[in-house]
Amino acid sequence: MDFTLPDEIEMLQKLVRNFVKKELMPLEHLVIENEANRGLDNSPLLPPEIEENLLRKTKELGLWGLDIPEEYGGTNLGFLAKAVVMEELSKTIVPFTLPPDAPNAHFLAACCTEQQKERYLLPYIRGEKRSAIAISEPNAGSDIGAMQTTAVKKGDKWVLNGTKIWISHADKADFIITMAVTDPEKRQRGGITAFLVDKNTPGLTISKGIPTISYQHPYELIYEDVELDESQVLGEVGQGFVPMANRLGVRRLELAQRSVGMSERMLEMMIEYANQRKTFGQYLADRQSIQWWIADAATDIHATRLMAYHAAWKMDQGAKDIRREAAMLKVFGTEMAQRVADQAIQMHGGMGLAKEMPLEFMYRYIRVIRILEGASEVHRWTIARDLLRNGIR
């Protein structure tokens, strides 16, 4: 077993690390200020001109489409490279992701017809279109089997009806990958289908935005007799569950690496502060409780990183099902980051609560991702059910 990162990935890591320090870190105070001032609306934390400049620089540096096949214009460096990059990007609170947003790109690449590739996938990869995915519903979050949005074939049209909620980026999306029940008897076992729904399609309404504890501002969507052509079915009818689950696996790997990146940044802040701050005549670094917090954080970060690298390696080897690994990563990584964030704030005392530091921003975001893409309790159930049915493998 070789635990050494390939040279090309190490070079990429250094490149992204420098990009974060030079281009993103200086924007942190702007992000904090914009979030504090926007109140309940969804004003962007990065002004459009700044985001466009960052996107231009990513293209110049060759950071566009790292895990996208070369035939679609990407560099095809794989999931391990993307995991390393995601860790580096997450050391800053600036909400910038290297385009295109990989999970939806993989869903599209796995399922698009040639016509759909030209209409959706390739423009998405080139950055000409944006996407969202609509899965969760008011009464069906992680329980996909309880999904109530339906798609019924009427003549040569599919007609969608239902409500989706907690849909990120819906306001900016040019099209929305929408999951709907096409066979109520089979549901996730052959009765869920994915559809490509363009913005401004008659019957599709962005009902309301939902301000949250963090900077995310998801939306509620209403589908009322939304008519779609057969050409807007993504993949096979009734077979939308597996590619959707694979897409979620990619996102959960990303969330684990985001947890690693944020935790490493917070650990660095803890170490620096512990070596500078004195209380009652003694450096914090000399206090056993602080030493244990730092030791535990470093240990957990290392464990999460290795778990993520292993899952990414399996995907690069062609593994089609990493649901167990993805669930473990999602639980362990996000809960690890929550512990580190809590102790980092505790160590910094009042300064840890101040908005001039990134700790409280990270703390709120981490609390979100313990629910986003499936709550920890659901993932524990998934892991246990898989083990009880299939045993250790």
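Calculation rules
- Residues numbered from 1 in each chain as written.
- Predicted model: local features only at pLDDT ≥ 70, side-chain atom pairs only at ≥ 80, totals over all residues.
- Heavy atoms only, no water.
- UniProt positions renumbered as here; feature names shortened; annotations may be inferred.
- Core = buried A, V, L, I, M, F, W, Y, C linked by side-chain atoms within 4.5 Å.
- Buried < 20%, exposed > 50% of the residue type's maximum accessible area, 1.4 Å probe, protein only.
- Helix = DSSP H or I, 4+ residues; strand = E, 2+ residues; numbered from the N terminus.
- Domains from an automatic or database assignment.
- Contact = heavy atoms within 4.5 Å.
- 1 Å grid on protein atoms, 1.4 Å probe; cavity = no way out; pocket = protein on both sides within 12 Å on 5 of 7 lines; lining within 4 Å.
- Points joined across faces, edges and corners; volume = space filled by probe spheres on them.
- Nonpolar A, V, L, I, M, F, W, Y, C, P; charged D, E, K, R; others polar.
- Buried area = accessible area lost by both parts, 1.4 Å probe.
- Salt bridge = Lys/Arg side-chain N within 4 Å of Asp/Glu carboxyl O.
- Polar contact = N/O pair within 3.5 Å; in protein donor to acceptor, adjacent residues only side chain to side chain.

- Per an unreviewed UniProt entry, the recorded name for the protein chain is Medium-chain specific acyl-CoA dehydrogenase, mitochondrial, and the organism is Peribacillus asahii.
- Quoted verbatim from the Sequence similarities (unreviewed entry) heading of the UniProt record, the comment on the protein chain is "Belongs to the acyl-CoA dehydrogenase family."
- Its UniProt record gives the protein chain the following Cofactor (unreviewed entry) comment, quoted word for word: "FAD".

**Observations regarding the nonpolar core**
A general tendency of soluble globular proteins is for nonpolar side chains to be buried together.
Part 1 of the reasoning: Formed by 67 residues in total, the largest nonpolar core has its most connected members in Leu24, Phe96, Met266 and Met347.
Part 2 of the reasoning: Sorting the residues of this core by element identifies α1 (7-24), α2 (28-38), α3 (48-60), α4 (79-89), α7 (241-276), α8 (288-316), α9 (323-348) and α11 (359-369) as the ones contributing at least two each.
Part 3 of the reasoning: Per-element accounting of this core gives the leading share, 12 residues, to α7.
Part 4 of the reasoning: Here this core spans two domains, and each of domain 1 (7-126) and domain 3 (241-390) adds at least three residues to it.
Part 5 of the reasoning: If near-sequence neighbours (up to four positions away) are discounted, Met347 is found in contact with Met270, Tyr273, Ala274, Leu284, Ile290, Trp293 and Ile294.
Part 6 of the reasoning: Listed in part, the 26 residues of the second largest apolar core include Ile125, Ile133, Ile135 and Leu248.

**Looking at empty space enclosed by the protein**
Part 1 of the reasoning: Counted according to the given criterion, the structure contains two cavities of 30 Å³ or more.
Part 2 of the reasoning: Looking at the largest cavity, its volume works out to about 50 Å³.
Part 3 of the reasoning: Around the largest cavity sit Asp67, Phe79, Lys82, Ala83, Met86, Val250, Leu253, Glu254 and Gln257, which together line it.
Part 4 of the reasoning: Taken together, the residues of the lining of the largest cavity sort by class into five nonpolar, one polar and three charged.

**Notes on the domain arrangement of the protein chain**
Part 1 of the reasoning: We note that the domain assignment places domain 1 (7-126), domain 2 (131-234) and domain 3 (241-390) within the protein chain.
Part 2 of the reasoning: Just the C-alpha atoms count here: the centres of domain 1 and domain 3 sit 21 Å apart.
Part 3 of the reasoning: Listed by partner, the interface residues are 28 residues for domain 1 and 25 residues for domain 3.
Part 4 of the reasoning: Both faces combined, the contact of domain 1 with domain 3 buries some 2400 Å², and carbon together with sulfur accounts for 63% of it.
Part 5 of the reasoning: When the area that domain 1 buries against domain 3 is broken down by residue, the three leading residues are Phe79, Glu87 and Pro103, summing to 24%.
Part 6 of the reasoning: The tally of links between domain 1 and domain 3 comes to five salt bridges.
Part 7 of the reasoning: One salt bridge connects Lys82 with Glu254, and the closest N-O pair in it is separated by 3.7 Å.
Part 8 of the reasoning: Linking domain 1 to domain 3 there are 10 residue pairs in polar contact (both at pLDDT 80 or more).

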